[in-house]
Amino acid sequence: MCPTLYMLAASPPCRAVLITAHALGLTLDKKEVYFFRDEHLTPEYQKLNPQRTIPTLVDDDGFAIWDSHAIMAYLVSKYAKNDSLYPQDLKKRAIINQRLFFESSAVFFHMKNIAKAILNRGDKFIDPEEKQHIIEAYGFLDKFLEGKEWAAGDSITLADYSLVTTFSCANGVIPVDFDVFPNVFAWLDRCEDLPECRASRKGLKEATHMLKVRLEMKL
Ligand SMILES: N[C@@H](CCC(=O)N[C@@H](CS)C(=O)NCC(=O)O)C(=O)O
């Protein structure tokens, strides 16, 4: 039996888990959770994840864990053949953790606010304050990437898999300016070219398409 992932392909944190599983060569039993049908509010789902978010992973022994960052770390720790995606080395891991917490608190938090306002409230514009937070995050990431190929140094880690999903979605509606953030621009290209990222590109397209249609942006 393989682990079950409760998810939607268009969700950046779900996509981060899918990318990680693909990189590990791990098959997941994917179960879609549709918000418009309140499938995340059922007693069964809330028993697995009282926070009612996706993704949630249920391993083959019934162990349930949610939050993409926790899931990714768990999958690598349990299923990876080596620790390159999430090294045991104290300082390397600390830097990766910093990037993961940055993604959660300073990037996805704002992108979720933007998406909710557009998809749930029907806004036809991006809140300027939220947009500013995303642009500020482009600036931070550009600095992290100075002289480096990948978000936490010289090799691909979970930091890239987590960050790329939210940044590529943000880039769809708040395009990264090459002249201002050249490192982010090049890194996005590098990431999206990875086979593990290409495998879940459909989800990214779905997410940006949904937002662009509501914002009446050119597709
Ligand atoms: N930090 C969480 C965020 C998860 C999250 O907020 N996912 C969204 C979908 S993209 C969700 O479940 N939204 C429904 C809700 O918050 O009730 C993670 O990385 O898993």
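Look a little higher up for the structure.
What counts and what doesn't
Residues numbered from 1 in each chain as written. Predicted model: local features only at pLDDT ≥ 70, side-chain atom pairs only at ≥ 80, totals over all residues. Heavy atoms only, no water. Salt bridge = Lys/Arg side-chain N within 4 Å of Asp/Glu carboxyl O. 1 Å grid on protein atoms, 1.4 Å probe; cavity = no way out; pocket = protein on both sides within 12 Å on 5 of 7 lines; lining within 4 Å. Points joined across faces, edges and corners; volume = space filled by probe spheres on them. Helix = DSSP H or I, 4+ residues; strand = E, 2+ residues; numbered from the N terminus. Near = heavy atom within 4 Å. Polar contact = N/O pair within 3.5 Å; in protein donor to acceptor, adjacent residues only side chain to side chain. Areas by Shrake-Rupley, 256 points an atom, 1.4 Å probe, with all protein chains shown as cover. Sits in = over half its atoms within 2 Å of the grid points. Nonpolar A, V, L, I, M, F, W, Y, C, P; charged D, E, K, R; others polar.

1. Brief notes about the pattern of salt bridges
In total, this model carries 9 salt bridges according to the counting rule given. What emerges from the salt-bridge pattern is a single network uniting Asp59, Asp60 and Lys78.

2. A few points about the layout of surface pockets
By volume, the largest pocket amounts to about 1200 Å³. Considering the residues around the largest pocket, the lining is formed by 36 residues, among which Ser11, Phe35, Ile54, Phe108 and Lys112 are closest to the centre. Contributing elements (two or more residues each) for the lining of the largest pocket: α1 (12–24), α3 (68–79), α4 (90–119) and α9 (201–215). Take the lining of the largest pocket: its biggest share by element is 9 residues, from α4.

3. Describing the site of the ligand
For the ligand, the set of nearby residues contains 13 residues, the closest of which are Thr53, Ile54, Asp67, Ser68 and Lys112. One of the backbone nitrogen or oxygen atoms of Ile54 is found 2.9 Å away from a nitrogen atom of the ligand. Between the ligand and the protein, one listed contact pairs an oxygen atom with a side-chain N or O atom of Ser68 at 2.6 Å. Expressed as a share of its isolated accessible area of 500 Å², the protein-covered part of the ligand is 82%. Judged by the fraction of its atoms near the pocket grid, the ligand is located in the largest pocket. Put simply, the parts of the chain that give the shell around the ligand at least two residues each are α3 and α4. Taken together, the residues that form the shell around the ligand break down as 5 nonpolar, 5 polar and 3 charged.

Any functional reading would require information that these geometric values do not contain.
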